[in-house]
Amino acid sequence: MSGAEQSGGEFRSGFVCFVGRPNTGKSTLTNAMVGQKIAITSSRPQTTRHTIRGIVHRDHAQLILVDTPGLHRPRTLLGQRLNDLVRDTYSEVDVIALCIPADEKIGPGDRWIVQQVKQMAPKTTLIGVVTKIDKVDKPQIAEQLLAVSQLLGPEAEVVPVSAAKGEQVELLIDVIAAKMPEGPAFYPDGELTDEPEETLMAELIREAALEGVRDELPHSLAVVIEEVLPREEHEGMLDVHALLYVERPSQKAIIIGKGGARLKEVGTAARKQIEHILGTRIYLHLHVKVAKDWQRDPKQLGKLGF
C-alpha cells in the first residue's frame, strides 16, 4: 500500500528534523532521501553548522528535511548559538525523527536528547529511526528496534533503515509522509534545497578540509565564500574564492600540509563536489587565515555568519 493510499489519497507536506548523537547517520539519511548530496557527511562530530533543507518529492507528499547541528552541552558561544538554532527548529517542524545506529547501545546521550526534545517540542510527533542496519544481523536489529521503542514510548513508530545501501528508505518516507498535515507542496518540483549556493559550497570545502585530519580541527574551522565570478577567458566557468579560517597557526599548517600538498587535495575534492551540484566547471581559489579564538568572539562569529 502506497503512502498516498494510507493518507486517503490527499497530498501531504511538512517539515521533518533528524536528531541524534553525532555520527548516527543523519546527514547520510538526508542525502539518501533527497537523492543527491546536499548535507555534508563526515566522521567528525558537529560537522553540520547550517540548517540545510533537503526537499523530498513524491507523488503523494513533499517532505522538507531540516538538518540541524546536533544538540550538545555547549562550551563556547558558538556552541550556545548552535543550540539555540536547534531549539527554534524543534518547535517549528511537524515530525522529529530520532536516529540511533543499529550497532551501538542506547546511552545517556540518547536519553538526554529524547528528554530535551520532549521538553522543547511536546506537541511534535516523534518517531525512531534505527540506522546502519547493514552493519548487524537480524536478531540485533530486532533487539535495537525494541530498545528504541521502549526509549520513545509505545505511541512512537520505529523504522529500521540503511541509508548507505538504500534499504527501507522509501518506507521511512511513507511513514513520515503519513504523519504530515494535508496541504500543498511548499517548493516546485525538482528543487532539492533552499540553501544558497554559497553556503553549500562553503560546507563542501569544509567537509573536504576535515577529511582525515586530527581531532583538533572540527570546531575551529570556518569557511567563507568571498566571491564567485564568471571566468572571463572561459565562458561558462566560474572563479570561486574561498577563505578557510582557523584559530591557531598550528592548525593553518595542518590544513596547508607539506609544501601546500594537503590544501591542493582539499581543493580537488571540493571542486568535484561543487561542480556536480552547480552543473558547471569552476576554478577554486583557497586561502587559509588565522582568526584567533573566533568561536568565543561575538564580533568574529557574526562576521563568519553565525
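Rules behind the numbers
Residues numbered from 1 in each chain as written. Predicted model: local features only at pLDDT ≥ 70, side-chain atom pairs only at ≥ 80, totals over all residues. Heavy atoms only, no water. Salt bridge = Lys/Arg side-chain N within 4 Å of Asp/Glu carboxyl O. Helix = DSSP H or I, 4+ residues; strand = E, 2+ residues; numbered from the N terminus. Buried < 20%, exposed > 50% of the residue type's maximum accessible area, 1.4 Å probe, protein only. Axes fitted to C-alpha atoms, helices over the stretch in contact; angles between N-to-C directions. Left-handed = near helix turned anticlockwise from the far one by under 90°. Contact = heavy atoms within 4.5 Å. Nonpolar A, V, L, I, M, F, W, Y, C, P; charged D, E, K, R; others polar. Parallel < 35°, antiparallel > 145°, perpendicular 65-115°, else oblique. Core = buried A, V, L, I, M, F, W, Y, C linked by side-chain atoms within 4.5 Å. Expected span 1.5 Å × (residues − 1). Disulfide = S-S within 2.5 Å. pLDDT = per-residue confidence, 0-100. Pairing = 2+ DSSP bridges. Polar contact = N/O pair within 3.5 Å; in protein donor to acceptor, adjacent residues only side chain to side chain.

Explain the pattern of salt bridges here, please?
Opposite charge on two side chains makes pairing possible when the charged atoms of those side chains draw close. Applying the stated rule across the entire model yields seven salt bridges. Among the ionic pairs, R58 bridges to E170, the shortest N-O distance being 2.6 Å. Placement of the pair is R58 in the loop between β2 (52-57) and β3 (61-67) and E170 in helix α6 (residues 169-178), with a sequence separation of 112 residues. Judged by its relative accessible area of 43%, E170 falls in the partly exposed class. For E275, the salt bridge identified is with R271, shortest N-O distance 3.3 Å.

Help me out: how do you make sense of unusual backbone geometry in this one?
With the exception of glycine, most residues fall at negative phi, and the peptide bonds are largely trans. You will see that K132, though not glycine, has its phi angle at about 60°, which is positive. A positive phi angle, near 65°, is found at Q168, a position not held by glycine. Structurally, Q168 can be placed in the loop between β6 (158-160) and α6. Residue classification places Q168 among the partly exposed residues on the basis of a relative accessible area of 35%.

When you look at the packing of helix α7 (residues 197-210) against helix α9 (residues 261-278) in this model, what are you seeing that I'm missing?
For any two helices packed against each other, one specifies the crossing angle of their axes together with the interaxial distance. Orientation of α7 relative to α9, taken along the N-to-C sense of each, is 145°, at an axis distance of 8 Å. In the packing of α7 onto α9, the handedness of the crossing is right-handed. Within the contact between the two elements, α7 uses E197, L200, M201, L204, I205, A208 and A209 and α9 uses R262, V266, A269, A270, Q273, I274, I277 and L278. Along the lines of polarity and charge, the residues of the contact of α7 with α9 split into 12 nonpolar, one polar and two charged.

Can you help me understand the packing of helix α2 (residues 26-34) against α6 in this one?
Orientation of α2 relative to α6, taken along the N-to-C sense of each, is 90°, at an axis distance of 10 Å. Judged on the interaxial angle alone, α6 and α2 are roughly perpendicular. Taken together, the residues of α6 that come into contact with α2 (itself represented by L29, A32 and M33) are V169, L172, I173 and I176.

How should the nonpolar core be read in this particular structure?
Here is a general trend for soluble globular proteins: nonpolar side chains tend to be buried in one another's company. By size, the foremost hydrophobic cluster in this structure holds 29 residues, and its most contacted members are V19, Y90, I96, L98, V117, L151 and L152. Where this core is concerned, the elements lending two or more residues are β1 (12-19), β3, β4 (95-101), α4 (108-120), β5 (125-131) and α5 (138-152). Per-element tally for this core: the top contributor is α4, with five residues. Contact partners of I96, with chain neighbours within four places excluded, come to C17, V19, Y90, V117, A121, T124, T125, L126 and I127.

Would you explain α9 in this entry?
Because an α-helix completes one turn every 3.6 residues, residues spaced three or four positions apart along the sequence face the same direction. The end-to-end C-alpha distance of α9 is 26 Å, a good match for the 26 Å that 18 residues give at a rise of 1.5 Å each. Every buried residue belonging to α9 is among R262, L263, V266, G267, A270, I274, E275 and L278, and all of these are buried. In the core, the buried residues of α9 are packed alongside α7, β8 (238-246), α8 (249-256) and β9 (282-290).

Any chance you could explain the state of the cysteines here in plain terms?
Covalent bonding between the sulfur atoms of two cysteines is what defines a disulfide. Enumeration over the complete set of coordinates arrives at zero disulfides. Of all cysteine sulfurs, the one in C99 lies closest to C17, which takes part in no disulfide; the gap is 9.3 Å. On the basis of relative accessibility, which here comes to 0%, the residue C99 falls in the buried class.

Whenever I open this one, the confidence of the model for the protein confuses me. Can you help?
Keep in mind that low pLDDT regions are not for reading the predicted coordinates in detail. Taken residue by residue, the protein gives an average pLDDT of 81. The fraction at 70 or more is 81%. Within the protein, helix α1 (residues 3-6) has the poorest average pLDDT of any element, 40, and β6 the best, 96. In the predicted structure, residues 1-7 sits below a pLDDT of 50 and forms 10 contacts with residues beyond four places in sequence or in another chain. Contacts from residues 42-50, a stretch scored under 50 in pLDDT, to residues over four places away or in other chains number 47 contacts.

Which parts of the structure should I look at to understand the sheet that holds strand β7 (residues 222-230)?
Two pairing modes exist for strands in a sheet, parallel and antiparallel, and in both the strands are linked by backbone hydrogen bonds. Taken in spatial order, the three strands of this open sheet run β7-β8-β9, and their pairing is mixed. In this open sheet, the two strands that pair with only one neighbour each are β7 and β9. Put simply, the sheet's adjacent strands are angled 20° from each other on average, direction ignored. Contacts from α7 reach β7, β8 and β9 within the one sheet, and its direction differs from that of β7 by about 125°. Across the face of the sheet, α9 comes into contact with β8 and β9 while running at roughly 130° to β9.

Would you mind going over α4 with me for this structure?
Helix length check: α4 (13 residues) gives 18 Å between terminal C-alpha atoms against 18 Å at 1.5 Å per residue, within 8%. Among all positions of α4, only D110, W112, I113, V114, Q116, V117 and M120 are buried.

Mind showing me how you'd approach the side chain of Q144 here?
Along the polypeptide, Q144 turns up in helix α5. One polar contact links the side chain of Q144 to the main-chain carbonyl oxygen of P101, over a distance of 2.7 Å. Filtering out sequence-adjacent residues up to four positions away, Q144 remains in contact with I100, P101, A102, E104, I106 and V130.

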